[in-house]
Amino acid sequence: MKNESDNKMWRSIEEQEGKHVPQARFNPFNNDFLSRREFMEWSSGMVAVLSASACTRMPQQKIVPYNKTPEKVVPGKPLYFATTMTLNGRAIGVLAESHMGRPTKLDGNALHPASLGGSDAYAQAAVLGLYDPDRSQSLNMAGSPMYWENAAASLNAIAKNHLARRGEGFRILTEPVVSPSLAAQIDAFVAANPAAQWHQYEPVHRDTEREGALMAFGEDVASVYAFKPAEVVVSLDSDFLMEPANPRYARDFASNRTMLQGSHGMSRLYSAEASPTITGAKADNRIVARASEVEQIAAALAQACGVSVQGTPSVTAAHKKWVQAAAEDLKKHEGASLVVPGRWQTPLVHALAHAMNARLRNVGKTVRYTAPVEVHSVAQSDSIKRLALDMQAGKVETVLILGGNPVYNAPSDVKFSESLSKVKNRIHCGLYVDETASQCNYHIPEAHFLESWGDARAYDGTASLIQPLIAPLYGGKTYSEVLAAFSGDANAKSYDQVRAYWKGKAGGDFERSWTRWLNEGVVEGSASADKRVALRAEGSWAKVGRAPTATSMEVIFRPDATMFDGRFSNNGWLQEMPKPLSKLTWDNAAFVSAATAAALGIKNEQVIRIVWGGKSVDAPVWILPGHADNSVTLPLGYGRTHAGRLGTGTGFNAYSLRPSGSTWSFAGVEIAKTDKQYRLANTQSHANMEGRPIVRTATLAKAQKDHHWTHIHMHVPERLQNVDVGTAGGEHAPVAPAQYQWGMAINLSACNGCNSCVVACQAENNIPNVGKEEVIRGREMHWINLDRYYEGDTANPDTHFQPRMCVQCETAPCEVVCPVGATAHDNEGLNNMVYNRCVGTKYCSNNCPYKVRHFNFFEYTKTITPSMKMVQNPDVTVRGRGVMEKCTYCVQRISEARITAKNEGRKIRDGEVKTACQTACPSQAIFFGDISNPNSLVSKIKAESHNYGLLEELNTKPRTTYLGKVTNPNTALSAEKS
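A few points on the structure. Model, not experiment: these values are computed from the prediction.

1. A look at the overall build of the chain
So, point 1. Looking only at helices and strands, the chain features 30 helices and 40 strands.
So, point 2. In the chain, the proportion of contacts linking residues at least 24 apart, taken out of those at least 6 apart, comes to 76%.
So, point 3. Summed over all atoms, the accessible surface of the chain reaches about 36,400 Å², with 50% contributed by carbon and sulfur.

What follows is the structure in structure tokens.
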């Protein structure tokens, strides 16, 4: 372990180069004001006040007791319902917290295989979308509002016209469908109209996975990975730790990396990638390779593992050394190893990964194959192209678009918008009047999944039900109800359709099964069966192509870390959440390496023009350490023109440059400098380590040799040696003894920086958004700062993550300087905030060495719409302007557990209280509980030899401590990295 003087960690390019970085977070007295226009545009994520004449039906909120209380409803006590969220063609099980019929919080369903109780940032933020006032609120035809009954009659008339011609000229366009009941309904409709066609398209598609399976096996199959038994994992440009709607992979991978309770084993992760990912950041041995080089590396690795590959892969000397070391490790762990290809890599990379897993005897152990989760899996790029060509040729009279936004995100060469304009009947059902809806002459508001009945399958095929927690706020319809209207049933309900489908599948007592499925959120026994697949002879397909030209500039497309494919553009929580690696908020940027930036003579925030095939896009530059040279990454999901108040006009549209033939990367682009600058909101310089070893890391060999490697002796100046810095020489006033003493520990080996905890904390504690300009001033309000640190050179540094929140000091520096006693200790060890005492002196923030207190400069919460107020947690105070706020260990959850335990005449059980961040964490990196109980899990974690506290030399005695990060690099590669 490095000592303090050897610490080389840094957070930004400027800091790494030794340049001064302004510390906006350390200047709480900055009092620049937004203009009224800026403030009204950005504050709190939603700012428009609904008109009194709006047609929205709001649930009535009563402030008097019920005359007759609904069954199971106890005022002040939340109810929890299991339901399902879908994203990226997969389902994740969630538990929705409901207060008097008002959903306020989502967490993972512990019984669902894709979550096991964890979740991701998208699931945590989904409840905000339910109350978004910019959601579509009225059904209209050619811009004129109409009633559902009239619209249904028009839809049925259109359907009858096509039915008379056996469906000729009729097209249905959906995203990949993982709902068994909806797929059956579409199949039935197409069967009744055999000339009609069903198309599927989603921009973050699995076409290369599908083509790779066809290449290797001759059939389309889905890969289901098991990371728990995998001792060696090789990632070929994959980001499996951030797999949308599947936090299970992050949990299983972390379970073999924790170094807890006497465990001395640890898996090893190799990664080859072009654009930095969360998975690459957690790798023990990572190499940087351009997107086109990964195929060469995969072929060389396959050859070294015994796979027959035609041709000679071309790899650099550094890449060859990595390949040799990884291959030897894989072969030593046959049956306990795993090769994972990235969904954005070529079909050959996927096929080679299948071949390697077969050759290494991993099939049936660390990887198994099932039928695709999507019903009727198709090549989506081809499907959307065929539809566009038919529309252009006048072969389509009616197109029914159920979800998705192809006008915005279809490949640029498809020209979907132009083709759609040639269709007579353009019908769209979606959550927003987006780019596609604005070009349709029929638009039907879609019901949010928290307002709907439905079903969906998870990554392993397990089915679960979608059940509503609230009546549709804006009269939205489900896709199944829209399809039923085409068949003449305007009054059909998705509830009846879902029940009818599953009644035909269930055996025995259906009502009992239905109740159990709703209660548990899982249809037991519904997981996809394993498929036995035979690998085709490698000689027929394993042909490595020519190596790319080293100097050719490549462009890489990736889903944005917060906006995904653009569907979350109007979600303020996700817009303001710092992206895990770049730490940008409210915008995307063109990512390049430091070497490429120097070669092109460009700097951060300088606008460049990326040109290819007669098209161009202007984007601000952001230098991203660990990025491949001669490459530029363009995150998708920005540059929207119809995305609500928050999403419209933010960032640039990378889809405008994305072709159908090469949807993830291609070479031959040109980059030209412009004289423009674009200001980006970035949080990476809002705090730094000031040369102190805040993040402590060691290799597995070092940790095994020195069990106390995190216990670094810190030099304390002589003038402070006998001074209690935390209380300026004094101790806290005596308090009455308590049954509990609360504390937390965070395992840095497990934390992967996914941001789930950040959004969970925001949802639980009514934390407001502040907007881009306020973030630039360093005034973001998140109670958890998920810090990202680098170590090493900018070309390929090691990356470390550390959640930083109030550490609940036992001798807290903030308390002694507060003139009104607004921050004070209680007898259970919590550093509480009494908001109605706080007068906003900000002395506590100045005196806090951790910089985790946040000041409410404006009335962020009082300008939001009535609908947005419904997302607020009634158990947590909604703060006004002029108060300091911070983490409180979710004291409201502690109080709820204390009341329950008292009423039942017992103590709070270990694990009964879970903080919002702990519950959301997919990798189980956070532990919380009673540290006065030596048998509690958190006490056992804190007893680990590599447990340490931040800035312990200041004698603040933090209640939140950390387990140092342990890595397991291959010693053959540890001395040299590329």
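2. Observations concerning the sheet that holds strand β1 (residues 9-10)
Each strand in a sheet pairs with another by means of backbone hydrogen bonds, the pair being arranged parallel or else antiparallel.
So, point 1. Here three strands make up an open sheet; going across it, the order is β1-β31-β32 and the pairing antiparallel. Only two strands of the sheet have a single neighbouring strand rather than two, namely β1 and β32 (798-804).
So, point 2. Inspection of the sheet shows strand β31 (residues 785-791) paired to β32 by seven bridges, in the antiparallel sense. Among the inter-strand pairings, E791 is bridged to a residue of β32, identified as D798.

3. Remarks on unusual backbone geometry
So, point 1. Phi angles above zero are rare outside glycine, and F564 is one such case at about 60 degrees.
So, point 2. Tracing the sequence through the fold places F564 in the loop between β20 (554-559) and α18 (572-576).
So, point 3. For N755, which is not a glycine, the phi torsion comes out positive at approximately 80 degrees.
So, point 4. Accessibility expressed as a relative area gives 1% for N755, which makes it buried.

4. Quick notes on the packing of helix α16 (residues 494-503) against helix α17 (residues 510-520)
So, point 1. Orientation of α16 relative to α17, taken along the N-to-C sense of each, is 120 degrees, at an axis distance of 11 Å. In terms of orientation, α16 and α17 fall into the oblique class. Viewed along their axes, α16 and α17 form a crossing whose handedness is right-handed. Residues Y495, V498, R499, W502 and K503 of α16 lie in contact with α17, whose contacting residues are F510, E511, W514 and W517.

5. Things to note about helix α15 (residues 479-486)
So, point 1. α15 sits mainly inside the fold: eight of its eight residues count as buried.
So, point 2. Residues Y479, S480, E481, V482, L483, A484, A485 and F486 constitute the buried set of α15.
So, point 3. Of the residues trailing α15, G488 is marked for its positive phi of about 95 degrees.

6. Points about the pairing of strand β4 (residues 102-108)
So, point 1. By the criterion of burial, β4 is predominantly enclosed, with seven of the seven residues buried.
So, point 2. The sheet contact formed by strand β3 (residues 90-99) and β4 spans six bridges and is antiparallel. Bridge pairing in β4 places V94 opposite G108.

7. Examining the side chain of E538
So, point 1. By secondary structure assignment, the location of E538 is in the loop between α17 and β20.
So, point 2. Assessed through its relative accessible area of 10%, E538 is described here as buried.
So, point 3. Excluding residues that lie within four positions of it along the chain, E538 makes contacts with V307, S308 and R359.

8. Section: the packing of aromatic side chains
So, point 1. A complete count under the given rule lists 31 aromatic pairs for this structure.
So, point 2. Ring plane angle 70 degrees and centroid distance 5.1 Å describe the contact between F227 and Y249, whose orientation is recorded as edge-to-face. Here F227, found in the loop between β9 (222-225) and β10 (232-236), pairs with Y249, found in helix α7 (residues 248-255); they are 22 residues apart in sequence, far enough to count as distant. In terms of burial, F227 and Y249 fall into one category: buried.
So, point 3. Taking the centre distance of 5.1 Å and the plane angle of 65 degrees together, the rings of Y889 and F928 count as edge-to-face. Pair noted here: Y889 is in the loop between β36 (884-885) and α27 (891-903) and F928 is in strand β37 (residues 926-930), with a separation of 39 residues, a long-range link.
So, point 4. Y889 gets classed as buried once you look at its relative accessible area, which sits at 1%.
So, point 5. With a relative accessible area of 4%, F928 lands in the buried category.

9. Some details on the environment of T84
So, point 1. Positionally, T84 belongs in strand β2 (residues 79-87).
So, point 2. The spatial distance from the C-alpha of T84 to the C-alpha of N109 is 9.0 Å, given a sequence separation of 25 residues.
So, point 3. Every residue in contact with T84, bar those within four places of it in the chain, is listed here: A91, I92, V94, F449, A456, S464, L465 and I466.
So, point 4. Here the side chain of T84 touches S464 through a polar contact of 2.8 Å, side chain to side chain.
So, point 5. In terms of polar contacts, T84 uses its side chain to reach the backbone carbonyl oxygen of L465, at 2.8 Å.

10. Here's the deal with the sheet that holds strand β12 (residues 285-288)
So, point 1. Strand order in the open sheet made by the four strands is β12-β11-β10-β13, with parallel pairing throughout. Sheet topology places β12 and β13 (337-341) at the edges, where each strand pairs with a single neighbour. Direction aside, neighbouring strands of the sheet carry axes that sit 10 degrees apart on average.
So, point 2. Pairing analysis gives five bridges linking β10 to β13, with the strands arranged parallel. Looking across to β13, one finds that V234 is bridged to V339.

11. What about the packing of helix α5 (residues 180-192) against α15?
So, point 1. Interaxial distance between α5 and α15 falls to 10 Å at its minimum, and their mutual angle equals 20 degrees. Viewed along their axes, α5 and α15 adopt a mutual orientation that is roughly parallel. Our pair here, α5 against α15, has a crossing hand that is left-handed. Along its contact with α5, which presents L182, Q185, I186 and F189, the element α15 presents Y479, S480, L483, A484 and F486.
So, point 2. Class assignment for the residues of the contact of α5 with α15 results in seven nonpolar, two polar and no charged.

12. Thoughts on α17
So, point 1. Of all the positions in α17, only F510, S513, W514, W517 and L518 are classed as buried. The buried side chains of α17 occupy one side of the element, clustering within an arc of 130 degrees when seen end-on. Along α17, exposed side chains directed more than 90 degrees from the buried face belong to R512 and N519.
So, point 2. Packed against the buried residues of α17 are β2, β19 (463-466) and α16.
So, point 3. Between a side-chain oxygen at the N-terminus of α17 and the backbone nitrogen of E511 the separation is 3.3 Å; the capping residue is D509.

13. What about the environment of A183?
So, point 1. Relative to the elements of secondary structure, A183 occurs in helix α5.
So, point 2. Among the residues examined, A183 registers a relative accessible area of 2% and is labelled buried.
So, point 3. Spatially, the C-alpha atoms of A183 and H376 are 8.5 Å apart, while their sequence positions differ by 193 residues.
So, point 4. Setting aside residues up to four positions removed in sequence, A183 forms contacts with V177, W198 and V375.

14. Brief notes about the nonpolar core
So, point 1. Core analysis: the largest hydrophobic core is formed by 199 residues, its most contacted members being L352 and L634.
So, point 2. Counting residues per element, this core draws most heavily on helix α3 (residues 121-130), which supplies eight residues.
So, point 3. Those residues within four positions of L352 in sequence are excluded, and the remaining contacts are A298, A299, A302, V309, W541 and A542.
So, point 4. One finds F170, I427, I444 and F486 within the second-largest nonpolar core, a separate group that totals 28 residues.

15. Details of the side chain of H782
So, point 1. Residue placement: H782 occurs in the loop between α23 (772-776) and β31.
So, point 2. In this view, H782 contacts E576, M577, P578, V758, Q762, I767 and H854; residues no more than four positions away in its chain are not counted.

16. Topic: the pattern of salt bridges
So, point 1. Inspection of the entire model under this criterion finds 43 salt bridges.
So, point 2. When the shortest N-O distance is used, the salt bridge between R343 and E209 registers 3.9 Å. Of this pair, R343 sits in the loop between β13 and α11 (347-359) while E209 sits in helix α6 (residues 207-217), and the two are 134 residues apart along the sequence.
So, point 3. The residue D284 makes a salt bridge to R257 at a minimum N-O spacing of 2.7 Å.

17. Describing the pairing of strand β18 (residues 454-457)
So, point 1. Residues G454 and A456 point to one face of β18 and D455 and R457 to the other, with burial holding for every one of them.
So, point 2. The pairing of β18 with β19 spans four bridges and is classified as antiparallel. When the sheet's bridge partners are listed, D455 is paired in β19 with L465.
So, point 3. What sits between β18 and β19 in their antiparallel hairpin is a turn of five residues, with G461 showing a positive phi close to 90 degrees.

18. Looking at the state of the cysteines
So, point 1. One pass over the full model with this rule turns up zero disulfides.
So, point 2. The structure places no disulfide on C754, whose sulfur is separated from the nearest cysteine sulfur, that of C921, by 6.2 Å.
So, point 3. C806 forms no disulfide, and the closest cysteine sulfur to it belongs to C887, at a distance of 5.9 Å.
So, point 4. For C806, a relative accessible area of 7% puts it in the buried group.

Basis of the calculations
- Residues numbered from 1 in each chain as written.
- Predicted model: local features only at pLDDT ≥ 70, side-chain atom pairs only at ≥ 80, totals over all residues.
- Heavy atoms only, no water.
- Helix = DSSP H or I, 4+ residues; strand = E, 2+ residues; numbered from the N terminus.
- Contact = heavy atoms within 4.5 Å.
- Areas by Shrake-Rupley, 256 points an atom, 1.4 Å probe, with all protein chains shown as cover.
- Pairing = 2+ DSSP bridges.
- Buried < 20%, exposed > 50% of the residue type's maximum accessible area, 1.4 Å probe, protein only.
- Axes fitted to C-alpha atoms, helices over the stretch in contact; angles between N-to-C directions.
- Parallel < 35°, antiparallel > 145°, perpendicular 65-115°, else oblique.
- Left-handed = near helix turned anticlockwise from the far one by under 90°.
- Phe/Tyr/Trp six-rings, centres within 6.5 Å; stacked < 30°, edge-to-face > 60°.
- Polar contact = N/O pair within 3.5 Å; in protein donor to acceptor, adjacent residues only side chain to side chain.
- Nonpolar A, V, L, I, M, F, W, Y, C, P; charged D, E, K, R; others polar.
- Arc of directions from axis to C-beta.
- Core = buried A, V, L, I, M, F, W, Y, C linked by side-chain atoms within 4.5 Å.
- Salt bridge = Lys/Arg side-chain N within 4 Å of Asp/Glu carboxyl O.
- Disulfide = S-S within 2.5 Å.

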